[in-house]
Amino acid sequence: MKKNYLLLIKSIFVLLILLSFGALKQAIAQTKTPPKLPHMWVSQAHGGKRKNHFEKGKTHNNKESKFTYLSRHLGSKETQSILCPKKNMDLFFNSLDSNKVKFIRIYIAAYNEDSGGMVPANMNKHLTIVLAPADKDTIDVDDYYNISPDGLIVKIDKEVMQGWVNYYVDEKMKVLLQTFNGNEEENRFQGKTPSDTRSILYRMEDFLEFLMAESKYQKTTHGIDMTGIRIDFASHTEEGIPDVAGCPSPKYKYKNRLILQFEYTQKVENDNYKVFYIRENEGREKQCPFNFRKNQADLVTADNGQICPANCPKP
């Protein structure tokens, strides 16, 4: 009995030492200067405004939201977000040739059975996105990928991509034209045709910073395991792109324009998930968006992505 008692005391002592060591390790980690926030970061409050503006916000001339117009045109609720397991995102980006691929362009599209390709069940004519790796000159390398509703990243033919993008431009743009001011310079495709967002260009290194470096920091510093990425359809508000302290003002404001937002997610009970927001009280330095770095002031950004129009792929 005495032997068992001593063994119990010893086990408790070892456990206390381990717990103390873990707390000390965490305290030391927190005293180090934290890394800068990812270039793709926006505050939780600002991101929430943009998601809400897409779904419920009054748009140009006090009209209805983009989601309302799109859903009415579709005849059912329009797609609002796409969830992708982080491991699938990691595999995709790791599979790209880093010597060749320097950018990722994301096309706004809509599934269209008439254009071929594997259209997911009950998703015909719904919004979707197409990932297009691009070279140092921002020209597509002609490999195209769709993120399916179940989170798979599937390669598709160029003809299918063009069909889905064309359906979005030819059909959904008809109703989106009512949600922004088509007379403003940044809202005209090739300087002529009024157009909502057709694609957004991102730097590869910023995506990798967002996907891998930040998730590693959260895991090692806070023990947070980010398991997924949710891509939300959102919209700039009536104010457009906000100024960033310490950075030049953006050339264009893109008021009421369609955009994409990327949210970290964590797995919870019963295979559900919750959105994770980066802590904003750790003293981490904010960084200037894409076009405000390295003498690229001629490029226009929306929280790190160059929006088309005005900055569209070369014909």
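Residues numbered from 1 in each chain as written. Predicted model: local features only at pLDDT ≥ 70, side-chain atom pairs only at ≥ 80, totals over all residues. Heavy atoms only, no water.

(A) Expanded view of the sheet that holds strand E8 (residues 199–203). Strand order in the open sheet made by the six strands is E5-E4-E3-E2-E8-E12, with antiparallel pairing throughout. At either margin of the open sheet sits one strand with a lone partner, and together these are strand E5 (153–156) and strand E12 (306–308). Strand after strand, the sheet turns through a mean of 30° between neighbouring axes, direction not considered. Across three bridges, E8 lies against E12 in antiparallel orientation. Considered in E12, the bridge of Ser199 is made with Cys308. Here helix H4 (residues 86–95) sits on the sheet in contact with strand E2 (103–110), strand E3 (127–134), strand E4 (144–147) and E5, set at roughly 40° to E5. (Pairing = 2+ DSSP bridges. Helix = DSSP H or I, 4+ residues; strand = E, 2+ residues; numbered from the N terminus. Axes fitted to C-alpha atoms, helices over the stretch in contact; angles between N-to-C directions. Contact = heavy atoms within 4.5 Å.)

(B) Geometry of the sheet that holds strand E11 (residues 273–276). One open sheet accounts for four strands, arranged E1-E9-E10-E11; its pairing is antiparallel. Since the sheet does not close on itself, it has two edges, and those belong to strand E1 (81–85) and E11, each with one partner. Direction aside, the axes of adjacent strands within the sheet are offset by 35° on average. Bridging between strand E9 (residues 228–235) and strand E10 (residues 258–267) involves eight bridges; their strand directions are antiparallel.

(C) Examining helix H3 (residues 66–74) more closely. Looking at H3, one finds that the buried residues are Lys66, Phe67, Tyr69, Leu70, Ser71 and Leu74. On its buried face, H3 sits against helix H2 (44–55), E3, helix H5 (158–176), E9 and E10. Two residues or fewer past H3, Gly75 is found with a positive phi of approximately 90°. (Buried < 20%, exposed > 50% of the residue type's maximum accessible area, 1.4 Å probe, protein only.)

(D) How the structure looks around the pairing of E4. Side chains of E4 alternate between two faces, with Tyr144 and Asn146 and Tyr145 and Ile147 buried alike. The pairing of E3 with E4 spans two bridges and is antiparallel. Looking at E4, one finds that Val130 is bridged to Asn146. Strand direction decides the pairing type here: E4 and E5, joined by four bridges, are antiparallel. When the sheet's bridge partners are listed, Tyr145 is paired in E5 with Lys155. Linking E4 back to E5 in an antiparallel pair, the connection comprises five residues, with Gly151 at a positive phi of about 85°.

(E) The arrangement of unusual backbone geometry in detail. At the junction of Cys308 and Pro309, the peptide bond is cis and its omega measures out at -15° in the coordinates. When you line up the elements, Pro309 lands in the segment after E12. Between Pro309 and the following residue, Ala310, the backbone shows a cis peptide bond with an omega angle of 25°. Within the secondary structure, Ala310 sits in the segment after E12. The backbone of Asn122 sits at a positive phi, close to 65°, despite the residue not being glycine. The exposure class of Asn122 is exposed, given its relative accessible area of 74%. Phi is positive for Tyr254, which is not a glycine, with a value near 55°. Mapping Tyr254 onto the fold places it in the loop between E9 and E10. In this structure Tyr254 comes out as buried when scored by relative accessible area, which is 0%.

(F) Region of the structure containing the packing of H4 against helix H6 (residues 204–222). For the pair H4 and H6, interaxial distance at closest approach is 11 Å and the crossing angle is 135°. One element, H4, and the other, H6, form an angle in the oblique class. The interaxial crossing formed by H4 with H6 has left-handed handedness. Touching Lys86, Met89, Asp90, Phe93 and Asn94 of H4 are Met204, Phe207, Leu208, Leu211, Met212 and Ser215, all from H6. (Parallel < 35°, antiparallel > 145°, perpendicular 65-115°, else oblique. Left-handed = near helix turned anticlockwise from the far one by under 90°.)

(G) Highlighting the environment of Phe93. Tracing the sequence through the fold places Phe93 in helix H4. Here Phe93 falls in the buried class, since its relative accessible area comes to 4%. Apart from residues no more than four positions distant in its own chain, Phe93 is found in contact with Ile104, Met204, Phe207, Leu208, Leu211 and Met212.

(H) Fine view of the nonpolar core. If you look at the biggest cluster of nonpolar residues, it comprises 65 residues, and the most contacted ones within it are Leu260 and Phe262. Here this core gets ten residues from one element, more than from any other, and that element is H5. Ignoring any residue separated from it by four or fewer positions in sequence, one finds Phe262 in contact with Met40, Ile106, Tyr202, Phe207, Phe210, Ile229, Arg230 and Ile231. (Core = buried A, V, L, I, M, F, W, Y, C linked by side-chain atoms within 4.5 Å.)

(I) Inspection of the state of the cysteines at higher detail. Scanning the model with the defined rule gives one disulfide in all. What pairs with Cys308 in a disulfide is Cys312, and their sulfur atoms sit 2.0 Å apart. Judged by the torsion about the S-S bond (90°), the Cys308/Cys312 disulfide is right-handed. A relative accessible area of 2% places Cys308 in the buried class. Overall, Cys312 belongs to the partly exposed group, its relative accessible area being 25%. (Disulfide = S-S within 2.5 Å.)

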